[in-house]
Amino acid sequence: MSETNPVNESVRYELSGNIARITLERPPVNALSLEMIRAVVAAFRRAASDRQARAVVLSSALAKRFSAGLDLDILLGKSGEHIREFLQELYVGLYDAQYDLGKPSIAAVGGAARGGGMTMAVSCDVVLAGESATFGYPEIDVGVLPAIHFAHLPRLIGRHRAFELLFSGRAFDAREAFELGIVNKVVRDAELDDAAMGLAGTFAAKSETVVRMGRAAFMRQIDLDYRRSIANAVEDFCNVAVTDAAQEGLRAFVERRKPNW
């Protein structure tokens, strides 16, 4: 049984058997607008309340793109309050929706994941990648901060490796992401969807009650001060994004030139 319903024009929710599929489709690169991230959060909350869904898969309908991150219209020339509204959804709203999900979530990353795309992917319980997937935190190159990743990446891969990735802004491939521990498994691009659905099926075959209670216990154990950390990350990002340096970096990116810092 498969039932598809759009959450909005850029996010689809589909129930395939007992697996909920959330699909991103905002050409050309799945850049995250406020409306789109609200739709992603709404889709996860819908999955949480969907009694037929036992696992959730997040993926992209676009070839070679998972998500390029934030739509720069959110940042260019905008007030701190406007930026904060978006980050409350991307950082806090998404985290809370995942925390309360009650069932396993899997990100199937095909193509490029950057910035806010990384935020969405690593919010899931498991991350699978196609062999041509690439990852990165390019925020520093346009004068803003990958603030939420300050909260989780050092815990995941260690302080020194995290610092190098976050402050160089360089891209890295799926194999390096696997070796760092950001990605659980790398598969052939053509096999990514089947791998994600297969793992979702494995999770869905377990006791719904035990998985729900077990995941809640798991989230409580790993949470520690992370919820407070991401609230701080909202402020850190906003404080930098409204500076002259950040606005120059963003304009330079749009105009395809080097920033004059």
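Rules used throughout
- Residues numbered from 1 in each chain as written.
- Predicted model: local features only at pLDDT ≥ 70, side-chain atom pairs only at ≥ 80, totals over all residues.
- Heavy atoms only, no water.
- Axes fitted to C-alpha atoms, helices over the stretch in contact; angles between N-to-C directions.
- Helix = DSSP H or I, 4+ residues; strand = E, 2+ residues; numbered from the N terminus.
- Parallel < 35°, antiparallel > 145°, perpendicular 65-115°, else oblique.
- Contact = heavy atoms within 4.5 Å.
- Nonpolar A, V, L, I, M, F, W, Y, C, P; charged D, E, K, R; others polar.
- Buried < 20%, exposed > 50% of the residue type's maximum accessible area, 1.4 Å probe, protein only.

Asker: I tried to follow the packing of helix H2 (residues 80–99) against helix H8 (residues 208–223) on my own but got confused; where do I start?
Answerer: How two helices sit against one another is set out by the angle between their axes and by the gap between those axes. Put simply, H2 and H8 touch, their axes get as near as 10 Å, and they point 135° apart. Taken together, the axis directions place H2 and H8 in an arrangement best described as oblique. Of the residues in H8, those touching H2 at Tyr 95, Gln 98 and Tyr 99 are Arg 215, Met 219, Arg 220 and Asp 223. Looking at side-chain class alone, the contact of H2 with H8 contains three nonpolar, one polar and three charged residues.

Asker: Is there a simple way to explain the environment of Cys 238 in this structure?
Answerer: Within the secondary structure layout, Cys 238 lies in helix H9 (residues 226–241). Taking relative accessible area as the criterion, Cys 238 reaches 3% and is therefore assigned buried. Taking the C-alpha atoms as reference points, Cys 238 and Leu 165, 73 residues apart in sequence, are found 21 Å from one another.

Asker: Looking at this structure, how should I read unusual backbone geometry?
Answerer: Across the chain, the bulk of peptide bonds are trans and the bulk of non-glycine residues have phi less than zero. The amide bond that connects Pro 27 to the next residue, Pro 28, takes the cis arrangement and shows omega of 5°. Relative to the helices and strands, Pro 28 is located in the loop between strand E3 (19–24) and strand E4 (31–32). Positive phi is not limited to glycine here, since Asn 30 has a value of about 55°. Inspection of the secondary structure assignment puts Asn 30 in the loop between E3 and E4. The phi dihedral of Lys 64 falls on the positive side, at around 70°, and the residue is not glycine.

Taken by themselves, the reported measurements are silent on function.
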